[in-house]
Amino acid sequence: MSTYRLKNLLAPRSVALIGASPRQGSVGRAILDNIRKAQFAGEFGLVNPRYPDIDGVAAVGSIGRLGFAPELVVITAPARTIPDLIDEAGRHGAAGAVIVSAGLGHGAGSLAEAAERTAHKYGMRLIGPNCLGIMMPGVHLNASFSAHMPAAGNLALISQSGAIAAGMVDWAAQRAVGFSGIVSIGDQIDVDIADLLDYFALDEKTHAILLYIEAIRDARKFMSAARAAARVKPVVVVKSGRMAHGAKAAATHTGALAGADAVYDAAFQRAGVLRVSDLRELFDCAETLGRMKSPPGKRLAILTNGGGIGVLAVDRLAELGGIPAELSPATREKLDAAMPPTWSKANPVDIVGDADAARYTAALEPLLADPGNDAVLVMNVQTAIARADEIARAVTDVVRKYRAGHRMLPKPVLAVWVGADTTIGEILSSAAIPNYPTEGDAVRGFMHLVHHRELVEALAQVPPAMPSEFAPDVDVARQVVAAALADGRAWLDPIEVKRLLDAYEIASVPTFAAADAEQAVAHADGIFAQGSTVVLKIMSRDIVHKSDVGGVVLNLTSADAVRKATADILARARVARPDARISGVLVQAMVVRAKARELILGLADDPTFGTVVVFGRGGTAVEVINDKALALPPLDLQLARSLIERTRVSRLLRAYRDVPAVKQDAVAMVLVKLAQMAADIPEIRGLDINPLLADEAGVLAVDARVAIGRVEPKFRGSGPANFAVRPYPSQWQRRVEVKDGWRVLVRPIRPEDEPLIHGMLKHVTFQDLRLRFFAPMKEFSHEFIARLTQLDYARAMAFVALDENTGELVGVVRIHSDSIYQTAEYAILLRSDLKGRGLGWTLMQMIIEYAKSEGLKTISGDVLTENTVMLAMCRSLGFEVKADPTEHDICNVRLAL
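Quick caveat, the model's predicted, so the values are computed rather than measured. (Residues numbered from 1 in each chain as written. Predicted model: local features only at pLDDT ≥ 70, side-chain atom pairs only at ≥ 80, totals over all residues. Heavy atoms only, no water.)

Focus: the sheet that holds strand β31 (residues 734-737)
We count it as follows: Paired strands, as defined in this entry, are two strands with at least two bridges between them according to DSSP. Comment: elements are numbered from the N terminus, with helices defined as DSSP H or I runs of at least four residues and strands as E runs of at least two. Note on geometry: axes are C-alpha line fits, over the in-contact stretch for helices, and angles between N-to-C directions span 0 to 180 degrees. Residues count as neighbours in contact if any of their non-hydrogen atoms are within 4.5 Å of one another.
Reading across the sheet, the 8 strands line up as β31-β32-β33-β34-β35-β36-β38-β37 and stay open at both edges, with mixed pairing between neighbours. The two strands at the open ends of the sheet, each matched to only one other strand, are β31 and β37 (880-883). Sheet twist, expressed as the mean angle between neighbouring strand axes with direction ignored, is 25°. Two strands pair when backbone bridges link them, and strand β35 (residues 823-830) and strand β36 (residues 858-864) are joined in this way by 3 bridges, in the parallel orientation. Following the sheet pairing, T823 is matched in β36 by T858. Against the sheet, helix α24 (residues 754-761) makes contact with β33 (796-803), β34 (809-817) and β35, and its axis sits at roughly 115° relative to β34, the strand it touches most. Sheet contacts for helix α25 (residues 766-773): β34, β35 and β36; angle to β35, the most-contacted strand, approximately 180°.

Here we look at unusual backbone geometry
The linkage connecting G128 with the following residue, P129, adopts the cis geometry, with an omega of 0°. Within the secondary structure, P129 sits in the loop between β7 (125-127) and β8 (133-136). Going from N690 to P691, the amide bond is cis rather than trans, its omega being 5°. Along the chain, P691 falls in strand β28 (residues 684-695). The backbone phi angle of Q188 is positive, close to 55°, even though this residue is not glycine. Position of Q188 relative to the elements: it lies in the loop between β11 (179-184) and α6 (193-202). One non-glycine residue, V352, lies in the positive phi region at around 80°. Within the secondary structure layout, V352 lies in the loop between β17 (349-350) and α13 (357-369).

As for the environment of G308
Here is the rule we go by: A 1.4 Å probe rolled over the protein chains alone gives each residue an accessible area, and that area as a share of the maximum for its type sets the label: buried under 20%, exposed over 50%, partly exposed in between.
Position of G308 among the secondary structure elements: in helix α11 (residues 307-319). Judged by relative accessible area, which is 48%, G308 ranks as partly exposed. For G308 and P348, which are 40 residues apart along the polypeptide, the C-alpha to C-alpha distance reads 9.9 Å.

Notes on the pairing of strand β9 (residues 141-144)
Residues of β9 alternate between two faces, with L141 and A143 on one and N142 and S144 on the opposite face, all of them buried. Pairing between β8 and β9: 4 bridges, direction antiparallel. Its bridge partner being in β9, G133 is matched across the sheet by S144. Remark: 4 residues form the turn of the hairpin made by β8 and β9, two consecutive strands paired antiparallel; H140 in that turn has positive phi of roughly 55°.

Here's the deal with the nonpolar core
Operational definition: Residues belong to one nonpolar core when they are buried, are Ala, Val, Leu, Ile, Met, Phe, Trp, Tyr or Cys, and are joined through side-chain atoms within 4.5 Å.
Core analysis: the largest hydrophobic core is formed by 68 residues, its most contacted members being L10, I134, L197, F200, L211, F222 and F609. Apart from residues no more than four positions distant in its own chain, L211 is found in contact with I158, I193, L197, F222, V235, V236, V237 and V238. Core analysis: the second largest hydrophobic core is formed by 58 residues, V746, L802, L856 and M870 among them.

Focus: a negative patch on the surface
Keep this limit in mind: The patches described consist of residues with a relative accessible area above 30% and no salt bridge, like charges being joined within 9 Å and nonpolar side chains (Val, Leu, Ile, Met, Phe, Trp, Tyr) within 5 Å. In short, Shrake-Rupley with a 1.4 Å probe defines the accessible areas, and a residue's cover is counted only from the protein chains shown. We define a salt bridge as a side-chain nitrogen of Lys or Arg found within 4 Å of a carboxyl oxygen belonging to Asp or Glu. Charge counting follows a simple rule: Lys and Arg are positive, Asp and Glu are negative, and His as well as the terminal groups are ignored. A single reference atom marks each charge: NZ on Lys, CZ on Arg, CG on Asp, CD on Glu.
Taken together, the side chains of E825, D862, E887 and D889 define an acidic patch exposed on the protein surface. Within the fold, E825 resides in strand β35.

Here is the structure:
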């Protein structure tokens, strides 16, 4: 697993610091001082052959002379020595290292590559190099050169920047916010963002995960880990480089629209990760998510002693998509009885400038009890009439009392004390009430909670591998692309594009190719006979944007006009592009759909995340208007609808004035079809449909371009080689028959299987649970089961077996690969009352078949020695069984594939 041995690094029982220095101001000395100040309770030793001791701490010349085997080594030694130090640490049993030193280089032949190769030999994990270090308050370990040690808390921070990590510590100290862990990952030669997401997602002390990202290397691994983590706790990211653009000009409109940062936005959206724009917003997000859970809705009640600031809060709420809560009649009645006659009578609840602590209490209690709101924002503008600190204490008392009576899911309460000093912030923080300097910050904090809930709900949807609404002619489409590639071309010609769209049931304008004016007239005559006018377009494999060379003429009404237009188009194209290969002109019927909307739909190829689906407002000014949204495939109709709704043009798809609404889901279905096309034909490197006309009758592609190229797989494992998110692997669904004619459906697990898992666990004995989980298991939380059921099939797979007669879940087998996709660990669990009927054998064979198809090298597992049935099955399946060298009640089983 990607969390392999990470606990040894992040919660070690023993630590050695290699390269500590007596010199004040050195990195090694700073880390030594920090480890000592944090009062690490485990064994600790120094390794430095040049000094007998450093600041009173004895040092030894080598790891072997420490007197204990360190779980973790922290290295600040010169870069050239690090591969040998890793080798020595591995030989003495170290589980991993934090390499703070810089200068190891990158790529083949570098010191970094040598260190990674050496660590792999011993199964060691490496954090760094070129990093700040790690801070783990829960185990009192500060193996970093940060100026301060954070307090213990429930936020985890994973940062590609040491400076950002250090800044977060300083911010947290001012706001009484603590951390479960802070890891500066540096150059990520081994442990990366995805590994740490896996670790902190499983960490019970971590309630939210914060990320600072500069770039992602393994997109599929990141997406898998981020989606898994976001399902069980908030994940918030700041990514730098938002204004950066690709180095080379894009050849298609969709390529131009799909800038690098826009693709990251789409990836974070699909992963369920909440993106914020800067460090201040990250801090505010941490303030909110670290203290409370997301509400079920987005209705906010606002309590204030200042009408102006209340109105500003409502304005910001509406701007961000929230809803000002309506006061219920019962709440209004209670407020009327307790407030002065001049109170606002509505939300925001303005209780007038002279409000004191008692009035705040009398107003806040009915607002918390009102089912018509999902959260309450309490604001105070300080006056000389009532003490702000007394009001803050009164509010915290009310909130504590309310939470005591609503332990399951209390409403979020947020606070703004305008111009308050740190004392009031401490009062509010002592009751875990997130507090902000301005009303805009507070409203944004509330909307972070709302958006997190929406993202998590979206994550529960698993796109099918193939939409059921259509059956594309994939063979024809592949033949079109293969023929063009065999011809050495990078673009499909318009006739080939028409055949490709037809194969995927995407309606397009009938198109005819004409080598000269007379052929153009012949095709045009047939169009005139149907009562339509004619459009001519230049036909050239080298001219992508036809209108740029005057290569489009519209609304031709006669044969003579067609002849003249053909000559003019060809002449203009030869002048504008003398190097272009010109084949003639395209002849199309003039499409007149007066109330149709012009849209752009397409596919773009991103170097990090692979294929991206693009949607937006179309036409010749598409880049200027820049109204677009992106999504990572695969898509289903719901995801396609969500993509459309993220654009301004989506409002025009609805009915307005005398314009009927666009046919329901017609546009969304084209997006689904394009995503499927990208899965079926990864050789498609870019695709534009611009414009796609959409109205009440449906959709029609007027113009399209398709760029093609040889497949360059971006991601490991099976599934579409160009998709960062793997589709639901429906090809692994099987119906099997085991002993006594028992028929069972075996398929990959889905999120909606969670209730079935709970049902199965009721039929598993306490002893079988102990054999599976190696510990007594009395209850299973939603978070625990969610980790089992909500996979995205990139690094983990689980097959569930369902009785065909009852529909009950009767068994599950799962596998999870390591971070380098070579070895996978398996686990299996069956209903206790249905064992001995051959189901376990069938599930094990299926998971072995799956592992082979994924290119994994070995399957391994740990089995209790008393679990003789499992050990016997493993031997029958060809597993090698050995006693664990350290845990005498465990056997290690391993199958070479």
